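What follows is each chain in one-letter form.
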Amino acid sequence: MERRKFLQYAGVGAASGLTGCKGESESKTQQVSTNTNKTWEWKMVTTWPKNFPGLGTGAEFLAKQINAMSNGHINVKVYGAGELVPAFEIFDAVANGSAQMGHGSAYYWKGKYSALQFFSTTPFGMTAMEMNAWLYHGGGMELWQEAYKQFGLVPAAAGNTNVQMAGWFNKEINTLEDLKGLKMRIPGLGGEVLKRAGGTPVNLPGGELFTSLQSGTIDATEWVGPYNDLAFGFHKIAKYYYYPGWHEPGTTLECFINQSAYDELPENLQSIVMTACRVANQDMSLEYIARNNDALNTLVNEHKVDLRKLPDDVISKLAELSQEVTAELGYTDPLARKIFDSYTEFYNKSRAWLDISERAYLNLRTG
Ligand code: CA
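From a predicted model like this one, the values you see are computed outputs, not experimental measurements.

> Looking at this structure, how should I read the packing of helix α12 (residues 312-330) against helix α13 (residues 334-356)?
In helix packing, the relevant descriptors are the interaxial angle and the interaxial distance, both defined with respect to the helix axes. Between α12 and α13, the shortest axis-to-axis distance is 7 Å and the interhelical angle comes to 130 degrees. Of the possible angle classes, the one that applies to α12 and α13 is oblique. On the side of α12, the interface is formed by T326, A327, L329 and G330, while α13 contributes A336, R337 and F340. When grouped by side-chain class, the residues that make up the contact of α12 with α13 number four nonpolar, two polar and one charged.

> Got a minute to help me understand the sheet that holds strand β2 (residues 74-79) in this structure?
Strand pairing in a sheet relies on backbone hydrogen bonds. The paired strands run either parallel or antiparallel. Judged by pairing direction, the sheet is mixed, and its five strands sit side by side in the order β2-β1-β3-β10-β4 without closing on themselves. Edge positions in the sheet fall to β2 and β4 (153-160), since each has one partner strand and no second. On average, each strand axis in the sheet is tilted by 25 degrees relative to the strand beside it, whichever way the strands run. Pairing geometry for strand β3 (residues 101-104) and strand β10 (residues 252-258), over four bridges, is antiparallel. Bridge pairing links M101 to I257 in β10.

> Just to check I follow, could you spell out the coordination of the calcium ion for this structure?
Each donor-metal-donor angle would ideally measure 109.5 degrees in four-coordinate tetrahedral geometry, or 90 or 180 degrees in six-coordinate octahedral geometry. For the calcium ion, every protein donor is listed as Q164 (OE1), E222 (OE), E222 (OE), W223 (O) and E248 (OE), and the spread of their distances is 2.1 to 2.8 Å. Donor residues for the calcium ion, ordered by position in the chain, follow Q-x57-E-W-x24-E. Taken together, the residues E222 in the loop between β8 (220-221) and α9 (226-232) and E248 in the loop between β9 (240-243) and β10 connect sequence positions 26 residues apart. Side by side, E222 and E248 carry an identical accessibility label, which is buried.

> Please clarify how the nonpolar core should be interpreted in this entry.
The nonpolar side chains of a soluble globular protein tend to be buried, and buried together. Grouped together as the largest cluster of nonpolar side chains are 83 residues, with contacts concentrated most on L55, F119, W134, Y148, W223 and I339. Apart from residues lying up to four places away in sequence, W134 is in contact with F118, F119, M126, G139, G140, M141, L143, I339, S342, Y343 and F346. Core analysis: the next-biggest nonpolar cluster, separate from the first, contains 25 residues, M44, M101, A156 and A158 among them.

> What's the story with unusual backbone geometry in this structure? I'm lost.
Peptide bonds are mostly trans, and most non-glycine residues show a negative phi. The step from Y243 to P244 runs through a cis peptide bond, and the omega angle for that step is -5 degrees. Looking at the element boundaries, P244 is found in the loop between β9 and β10. Even without being glycine, N51 reaches a positive phi, approximately 60 degrees. In this fold, N51 is placed in the loop between β1 (40-46) and α3 (56-69). Backbone geometry at F124 places phi at a positive 60 degrees, although glycine is not the residue there.

> Got a minute to help me understand the packing of helix α5 (residues 128-137) against helix α6 (residues 140-149) in this structure?
Contact geometry of α5 with α6 gives a least axis separation of 4 Å together with a crossing angle of 75 degrees. When the axis of α5 is compared with that of α6, the two are roughly perpendicular. Listed contacts from α6 to W134, L135 and Y136 of α5 are G140, M141, L143 and W144. Class assignment for the residues of the contact of α5 with α6 results in six nonpolar, one polar and no charged.

Criteria and cut-off values
- Residues numbered from 1 in each chain as written.
- Predicted model: local features only at pLDDT ≥ 70, side-chain atom pairs only at ≥ 80, totals over all residues.
- Heavy atoms only, no water.
- Axes fitted to C-alpha atoms, helices over the stretch in contact; angles between N-to-C directions.
- Helix = DSSP H or I, 4+ residues; strand = E, 2+ residues; numbered from the N terminus.
- Parallel < 35°, antiparallel > 145°, perpendicular 65-115°, else oblique.
- Contact = heavy atoms within 4.5 Å.
- Nonpolar A, V, L, I, M, F, W, Y, C, P; charged D, E, K, R; others polar.
- Pairing = 2+ DSSP bridges.
- Donors = N, O, S within 2.8 Å, 3.2 Å for Na, K, Ca; no water.
- Buried < 20%, exposed > 50% of the residue type's maximum accessible area, 1.4 Å probe, protein only.
- Core = buried A, V, L, I, M, F, W, Y, C linked by side-chain atoms within 4.5 Å.

Below, the structure written as structure tokens:
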């Protein structure tokens, strides 16, 4: 009775609809097992250390969903950074077909095409909720597809970190002057903003951050948030942990697929791959919400990390520089302009709505 009721709400109809739906789904199952005897062995290369909490495990989760949903017709094997190719070579590896899938984040590929950074995150830009709304319901995904098509890749959102932390420092940040001369690992547009504030941004894969900070190759680093940062042990080598993550307010992790490998799949398997990405996208985002606060408590209470908020005047200067950097990126070429306009238009609309919904509600939650 409950199921019938649900289907009615879903617009499927009453008793007759229920029968039709069941029959249709059975015949689709048969199609998969009878028409597609072929199996596909796929390699997924990633920018993360194998099974790294949240990110690496998110890639494994995605592979597992595809394998299970396709009933073994697609077998995806996940490779950690450096196992098949180094972290920052996975884009090329998938584009040239040495692997079929990649798991990373689009701002790592700014050297290929700078406007790809819009599909990761922008400083002072959209949150996870807004990014997903733009991608799925605001035209963002179509633009991402257009941008990746030139490399022979099909993109999908496959995770989100939500708002990150500003990072780990060994000196206090009291004024913008304190960022001058600072050599900090910070990717994407946030890195460009740090540069304009007088710092030196460095882009390194996660697996190299601990030793780089420990050896003094870099003075500071951001990574993700408490759950991930605790796992890398940054509290052992840095004193101050700053928030909020102005530079990465809702970073989209991606799965990208070699276009020919994708085109070779029957339509139902293509749909399985895309649906699995959608499930993985939401799952990772929720895992961060579920785990970050416990990890933060461990960092502060057990490891005595000094948790600090960036001063308001530093934040407002960084916001100004961010606007400048993001707008400049939007004017680099016609496609970048199209992406920038779509992003900005959507962001303005979502901000207006979230101001009187999420923000208004969060402001009510006192004490
Ligand atoms: Ca980060």
